[in-house]
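Read off the chains here:
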Number of protein chains: 4
Amino acid sequence: MRLTTDARGVYPIAPTPFLDDGRIDVDSIDRLSDFYLACGATGITVLGQLGEAPKLEHAESVDVATRMIRRAASLPVIVGVSAPGFAAMRALTREVMDRGAAGVMIAPPNTLRTDDQIVGYYAQAVAAIGADVPFVIQDYPLTFSVQMTPGVIRRIHTELPSCTLLKHEDWPGLEKISTLKAWVRDGTMRPLPILVGNNGLFLDYEMERGADGANTGYAFPDMLVDVVRLSGAGRREEAHDLFDAHLPLLRYEQQPGVGLTVRKYILHRRGLLHSPALRAPAAPLTAAARAEVEHLLSRLARHDARARV
Amino acid sequence: MRLTTDARGVYPIAPTPFLDDGRIDVDSIDRLSDFYLACGATGITVLGQLGEAPKLEHAESVDVATRMIRRAASLPVIVGVSAPGFAAMRALTREVMDRGAAGVMIAPPNTLRTDDQIVGYYAQAVAAIGADVPFVIQDYPLTFSVQMTPGVIRRIHTELPSCTLLKHEDWPGLEKISTLKAWVRDGTMRPLPILVGNNGLFLDYEMERGADGANTGYAFPDMLVDVVRLSGAGRREEAHDLFDAHLPLLRYEQQPGVGLTVRKYILHRRGLLHSPALRAPAAPLTAAARAEVEHLLSRLARHDARARV
Amino acid sequence: MRLTTDARGVYPIAPTPFLDDGRIDVDSIDRLSDFYLACGATGITVLGQLGEAPKLEHAESVDVATRMIRRAASLPVIVGVSAPGFAAMRALTREVMDRGAAGVMIAPPNTLRTDDQIVGYYAQAVAAIGADVPFVIQDYPLTFSVQMTPGVIRRIHTELPSCTLLKHEDWPGLEKISTLKAWVRDGTMRPLPILVGNNGLFLDYEMERGADGANTGYAFPDMLVDVVRLSGAGRREEAHDLFDAHLPLLRYEQQPGVGLTVRKYILHRRGLLHSPALRAPAAPLTAAARAEVEHLLSRLARHDARARV
Amino acid sequence: MRLTTDARGVYPIAPTPFLDDGRIDVDSIDRLSDFYLACGATGITVLGQLGEAPKLEHAESVDVATRMIRRAASLPVIVGVSAPGFAAMRALTREVMDRGAAGVMIAPPNTLRTDDQIVGYYAQAVAAIGADVPFVIQDYPLTFSVQMTPGVIRRIHTELPSCTLLKHEDWPGLEKISTLKAWVRDGTMRPLPILVGNNGLFLDYEMERGADGANTGYAFPDMLVDVVRLSGAGRREEAHDLFDAHLPLLRYEQQPGVGLTVRKYILHRRGLLHSPALRAPAAPLTAAARAEVEHLLSRLARHDARARV
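Residues numbered from 1 in each chain as written. Chains lettered and ligands numbered in written order. Predicted model: local features only at pLDDT ≥ 70, side-chain atom pairs only at ≥ 80, totals over all residues. Heavy atoms only, no water.

Visitor: Any chance you could explain the packing of helix H11 (residues 258-269) of chain A against helix H12 (residues 287-301) of chain A here in plain terms?
Guide: Packed helix pairs are characterised by how far apart their axes lie and by the angle those axes make with each other. Residues and elements named next belong to chain A. Orientation of H11 relative to H12, taken along the N-to-C sense of each, is 55°, at an axis distance of 11 Å. The angle between H11 and H12 places the two elements in the oblique class. For H11 against H12, the interelement crossing comes out right-handed. Packed against H11, whose contacting residues are Val262, Tyr265, Ile266 and Arg269, the element H12 presents Arg290, Val293, Glu294 and Leu297 at the interface. Its residues placed into classes, the contact of H11 with H12 shows five nonpolar, no polar and three charged. (Axes fitted to C-alpha atoms, helices over the stretch in contact; angles between N-to-C directions. Helix = DSSP H or I, 4+ residues; strand = E, 2+ residues; numbered from the N terminus. Parallel < 35°, antiparallel > 145°, perpendicular 65-115°, else oblique. Left-handed = near helix turned anticlockwise from the far one by under 90°. Contact = heavy atoms within 4.5 Å. Nonpolar A, V, L, I, M, F, W, Y, C, P; charged D, E, K, R; others polar.)

Below, the structure is given as structure tokens:
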């Protein structure tokens, strides 16, 4: 099952579950997988920016991806393979594609500056991993400091046929979606599905601008699925009502650094992770922050019963 | 009226009003000033990051500050004097202090990296502007790329007696407030009022962590005043209810770049600015974005009548 | 006398001379001007990156430029007008052009990233200063963190007819010169003179790649003039012999930060500056560094009598 | 043979030799090793910044290090283990230490900013690799954008007993050497050998400031050995004469990006590498650049017979 430009819906970014002692928690991988499937996700991404990939040894990365691929048999699984060198990127890509991955996600290294450097980097990455492997552009300037204009994305997408999906996390990014989708409509760019990230902070309006879904890790992917569905069905105010109810928590979870700790805490409270633990090094959730998350959950529960955890 | 460490409440960041032809709109400066006073602000900041200061010639900057200082007679006015060189910083500081400014705000240049460089920069700035001028540290790493630890802020505040206020815009920043306020409580740092920025995106919990108010430019400063008041009065859920109703719009306005355009549009729709114009160069609000802002206002108006514009 | 694309030879970057008490040393401006003229310079640049421009108040900047323009009557004087905002850039440009400047030099702000942002910035700058003012692109990625490909430079030069000169300080930069000059030769770009900076660290081979001269502040501009002349006359090994004799000192002077202090010290030792002082804030030359400079001068004097100071 | 704070002399940074088809050239590893030993090196570093480490798969990295360790039996071999995650760093460290490495070199990731972040990073790295593994701080702000003050280096060195060596590549860096060595002399810091990098661009004066040698990859490590020896023996002018003769080439080789290509070309011309090839992706040496290198070699050969290649 290869990723194609028909991709749409919600591809949650799966965290990597750990036990309290730092070992990988394989049972929770299964639980997450089952949950994503049950709540209507159309794909899964593992080993993304918030999958603690740099803390995994190579063999562990392959194991995590393989476990998810096997369990989520009916869902395409994208594997983050961003690496400082093409050798490591190629090695991981080959192993996970052999094991059934649908494609890989590649973020640009934060040393890239000019348009040509960015386009050239993706060309080199494709040369390394093979032109037959569908890949996802991760466009996340806030974290990577690499700014891709719509024109650069079009160049990558046009020059590299294996470019299949845009994980859009630019901020602000609404006009970028409008521009890219207009190019597809007027035929100056071949189709490119856009799934939004940034924890979904603008999912409400991004869907209205033409996004095809979400590819992010918010602890309530079931909400993301609902908003995408309601928005697609033209039930605009219902989509906004649900989204707005989640926005206070979603914003809280989107904080750099501490965000993943919050996310894992909530997934643990929802019964999806055996432990909220991050692998070391990691800062703990302070008592004040934990109380704030509980407060946010209790307020959310008034509007969305799924927050009664 | 000099700024002191007793500062608290809401100091709106005033935009610089322009007419459609690019001239400064002095009437709207008066209107903004009257509005801030009426809605309960306890101070005003002009020529901040979103005051389009770099588009003003020196004489214009002095005029804008002077007009605001005179009109808002009973409110302390802080003037942003950040500049690439100390000569320009000193020149502007002297002129506005002579005209009655309460203090100045200084952001670190984005080339600073080490702790010593940051502390040294503020020491040099004080040497330039004079040790008798109260100054505000602007701690805004997202925009300035300068990261100040709590320890660095304490060093600046301890070594430079004219350090009077922290405009806190770190992100994430909740633990930073807790750390600094704990130091004041245990006596290892002299009192330092903290007013939060970042468009108030975390104002709800920042107040609970010990912040003394807000110093930001959200187009509904009256909401900021209410939340600060409710939070201070222990009416926690009311504070959150009001804040949450504004969060969708507040988040929309906080987008880098386009945010100021949105803010001026809303202030114009509220009747506070004669024109929503930014001085060139500036990107216009697209039709799609304008429709989104109107949609956000209409949804907000269900909860807060002030959004019926 | 307006700058044209016929510019070539050596345009020294003049330091701003100060007296020990921080006042501008106007006599030394005259002395520098006379010296540049006498040693064969074909133009002068003032208020450049190493002209301590940010330490000058606006009126001082105008005075320094005006003094140099008047004294160096027969030489075109370029004025650095880089500023954080277009208002200040326009104000300074107008005043110095009125007083006879040949053109202005504009460096890109270090927040620019994409090709479009860079081209757009120069378009906005031209809109601000006027399309009739010849301007110099300063391409100095090491200091400004802005990377301009040859293609971006061609876009700026093609879209903006007032683009007149490239101050080339990329590092490495030899291939960039070859690429741009090949475009001029094959007619895909209109003529663009290239004067090299970077303290001339690669002047020897840059001339052989097609550069038209130097635009930098090394304390022996007379050496730069000689190397440019010898290279142009095909006396290759003589050019290298002279250059290599200076390279140990030239490298020493090129150090970021301390470099200007070294340069002023040498210019003072050569009798061209009344005082080696930088305006505050500035770090002093340590005793060890001063001894190293004297050692370098004494070694250089074996090959070049001008170093006997 | 573990690295200790008695380290001094020249530790060349070995390039990773490749055959034209991209395979690792093991014979050339042996040839390099023999050459380093013969010319008086006191240690070797492999898989450094210019060892193309990111282009190697994990097993290849271990093989390269192991081959060098075995061949250079009497010399301590330091292995670069910088990695985006501690898991990969730990894995490589353990394998090479098991095979006889003397220690590892760790560069800070370019996302670090504050003093505490830098110190904390090294503490976490030591927690990952084990407190018994001697490590080298690589202080290279030009490439890594991480600025370590002398105070930060002292904190790392004091808090982490396995800190054993400083690879000093700050620029400018002369005062940093003076400061650190003064602290050792006055007893406020335990001994810390300093070997300089930056291609040795300031080796002449760095030795006079107290550096203990060089740890860089210039294609004439035999010159580095001579300069260190002459300088240590008080034969100052001889040291400078030799250094100055090499400076034109050394400067040329130090160019970012193209520098490694030049270095490998020269090592190939010297008969030490079977092929000058870099592993893909890599830009080729242009004809103009090759001619420049040959010209530099021919000029150098007048002063140093080793350049007759």
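Visitor: Honestly, the interface of chain D and chain C in this entry has me stumped. Any pointers?
Guide: By a widely used convention, the size of an interface equals the accessible area lost when the partners come together. Listed as interface residues are 33 residues of chain D and, on the opposing side, 33 residues of chain C. The contact between chain D and chain C buries some 3,000 Å² in all, and 56% of this surface belongs to carbon and sulfur atoms. Area buried by chain D at its contact with chain C is led by Trp171, Tyr205 and Arg251 of chain D, which between them contribute 22% of it. For Asp241 of chain C, the salt bridge identified is with Arg299 of chain D, shortest N-O distance 2.7 Å. The tally of links between chain D and chain C comes to 22 residue pairs in polar contact (both at pLDDT 80 or more). For the side of chain D that touches chain C, the secondary-structure elements that each account for two or more residues are helix H7 (174-185), helix H8 (203-209), helix H10 (236-253) and helix H12 (287-301) of chain D. The element contributing the most residues to the side of chain D that touches chain C is H10 of chain D, with ten residues. The class makeup of the residues in the side of chain D that touches chain C is 16 nonpolar, six polar and eleven charged. (Buried area = accessible area lost by both parts, 1.4 Å probe. Salt bridge = Lys/Arg side-chain N within 4 Å of Asp/Glu carboxyl O. Polar contact = N/O pair within 3.5 Å; in protein donor to acceptor, adjacent residues only side chain to side chain.)

Visitor: Just to check I follow, could you spell out the relation of the copies chain D and chain C for this structure?
Guide: Mapping between the two chain copies consists of a rotation about an axis together with a translation along that axis. Least-squares fitting of chain D to chain C yields an RMSD of 0.0 Å, with the superposition described by an axial translation of 0.0 Å and a rotation of 180°. Taken together, the rotation and translation describe the operation of a two-fold axis. Minimal C-alpha separation from the rotation axis in chain D is found for Leu247 of chain D, amounting to 3.7 Å. Both copies share a contact surface, since 100% of the interface residues of chain D are interface residues in chain C too. (Least-squares fit on C-alpha atoms with pLDDT ≥ 70 in both.)

Visitor: I'm lost on the relation of the copies chain D and chain B in this one. Help?
Guide: If you rotate chain D by 180° and push it 0.0 Å along the axis, it lands on chain B with an RMSD of 0.0 Å. The residues that chain D uses at the interface reappear at the interface of chain B in 100% of cases, marking a shared surface.

Visitor: Explain the confidence of the model for chain A to me, please; I cannot follow it from the model alone.
Guide: Segments scoring low in pLDDT should not have their predicted coordinates read at a detailed level. With 100% of its residues at a pLDDT of 70 or more, chain A has an overall mean of 97. The ipTM, which scores confidence in the relative placement of chains, is 0.97 for this predicted complex, and the corresponding pTM is 0.96. (pLDDT = per-residue confidence, 0-100.)

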